Amino acid sequence: AQSVSQHNHHVILSEAASLELGCNYSYGGTVNLFWYVQYPGQHLQLLLKYFSGDPLVKGIKGFEAEFIKSKFSFNLRKPSVQWSDTAEYFCAVARYGGSQGNLIFGKGTKLSVKP
Amino acid sequence: GAGVSQSPSNKVTEKGKDVELRCDPISGHTALYWYRQSLGQGLEFLIYFQGNSAPDKSGLPSDRFSAERTGGSVSTLTIQRTQQEDSAVYLCASSLRAGGPNEKLFFGSGTQLSVL
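Residues numbered from 1 in each chain as written. Chains lettered and ligands numbered in written order. Predicted model: local features only at pLDDT ≥ 70, side-chain atom pairs only at ≥ 80, totals over all residues. Heavy atoms only, no water.

**Structural notes on the overall build of chain A**
- For chain A, the count of helices and strands is zero helices and twelve strands.
- Element order for chain A, N to C, with α for helix and β for strand: β-β-β-β-β-β-β-β-β-β-β-β.
- Taken over the C-alpha trace, chain A has a radius of gyration of 13 Å; the compact-globule value for 115 residues is 13 Å, and the two agree within 12%.
- Across its three principal directions, the C-alpha atoms of chain A cover 40 × 25 × 20 Å.
- For chain A, the proportion of its 115 residues judged to be buried stands at 47%.
- Intrachain contacts of chain A at a sequence separation of at least 6 include 56% that bridge at least 24 residues.
- As displayed, chain A has an accessible area near 5500 Å², and 52% of this comes from carbon and sulfur atoms. (Helix = DSSP H or I, 4+ residues; strand = E, 2+ residues; numbered from the N terminus. Rg over C-alpha atoms; globule rule 2.2 N^0.38 Å. Buried < 20%, exposed > 50% of the residue type's maximum accessible area, 1.4 Å probe, protein only. Contact = heavy atoms within 4.5 Å. Areas by Shrake-Rupley, 256 points an atom, 1.4 Å probe, with all protein chains shown as cover.)

What follows is the structure, encoded as structure tokens:
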């Protein structure tokens, strides 16, 4: 069965620190990969996604993620975090060609950025 | 409406009672999804509707859970004989159409269900 693992439950950083959130998935076929973010009191929203092509994907607010097929990983990065990045981050995978709504989500990583 | 609307925002019920959760998708969106987020867990896919096609019910955890979508718009998720383990946030999302790289999901703010 497909699954998504996020390595950190809660990450605490100071402003300007670099961020990397780990995500690994298990699925033998071709996949589409996503990072979603939920800011406090707001709806879940898409941060970035990978479908094909360049494995380094850039998203909103300076975030990027790299798809490494051999490692079944899709880690999220940001060179310098801001207090406003405090949120919960979810990695997700969908079977290639399937609906993006039929997603398998990880358990999420809470990011707290200290001002 | 401007976004996906869910009601009620909070629901407290007693074990064994039935509950109905409502989702109003964005107007014109043909795909609608239900998820559940239990404490400390990721989002769990429950069911999705695409137009008039038969829904994908593969994520429903038991036969106590059912959902319908009337007229291709509003959807109701029904949980019969609620159990304490049903306590969770139930999220609804919609998209213009399911499938493809251009699909974009819009999520509602969820219904927090507490079963006492």
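Now that the structure has been shown, the text picks up again.
**Description of the packing of aromatic side chains**
- Taken as a whole and assessed by the stated rule, the structure comprises 14 aromatic pairs over all chains.
- Ring plane angle 45 degrees and centroid distance 5.6 Å describe the contact between phenylalanine 63 of chain A and tyrosine 89 of chain A, whose orientation is recorded as tilted. Of this pair, phenylalanine 63 of chain A sits in the loop between β7 (56–58) and β8 (64–68) while tyrosine 89 of chain A sits in strand β10 (residues 87–95), and the two are 26 residues apart along the sequence.
- Classification of phenylalanine 63 of chain A as buried rests on a relative accessible area of 1%.
- Judged by its relative accessible area of 0%, tyrosine 89 of chain A is buried.
- Here a set of aromatic residues connected by ring pairs shows up, and it is made of Phe34, Tyr36, Phe51, Phe90 and Phe105 of chain A together with Tyr33, Tyr35, Phe45, Tyr48 and Phe107 of chain B. (Phe/Tyr/Trp six-rings, centres within 6.5 Å; stacked < 30°, edge-to-face > 60°.)

**Here's the deal with the interface of chain A and chain B**
- At the junction of the two partners, chain A supplies 15 residues and chain B supplies 21 residues.
- Taken together, the connections running from chain A to chain B amount to one residue pair in polar contact (both at pLDDT 80 or more).
- Looking at the side of chain A that touches chain B, its residues break down into six nonpolar, seven polar and two charged. (Polar contact = N/O pair within 3.5 Å; in protein donor to acceptor, adjacent residues only side chain to side chain. Nonpolar A, V, L, I, M, F, W, Y, C, P; charged D, E, K, R; others polar.)

**A closer look at the pairing of strand β10 (residues 111–115) of chain B**
All names here are of chain B.
- Residues Thr111, Leu113 and Val115 of β10 are buried on one face, while the alternating residues Gln112 and Ser114, pointing to the opposite face, are not.
- As paired elements, strand β8 (residues 88–95) and β10 share three bridges and run antiparallel to each other. Its bridge partner lying in β10, alanine 88 is registered against leucine 113. (Pairing = 2+ DSSP bridges.)

**Focus on the sheet that holds strand β7 (residues 75–79) of chain B**
Residue and element names in this part refer to chain B.
- With antiparallel pairing, the four strands of this open sheet are ordered in space as β1-β3-β7-β6. Edge positions in the sheet fall to β1 (5–7) and β6 (65–69), since each of these pairs with one other strand and no more. Here the average twist between neighbouring strands, direction ignored, is 15 degrees. (Axes fitted to C-alpha atoms, helices over the stretch in contact; angles between N-to-C directions.)

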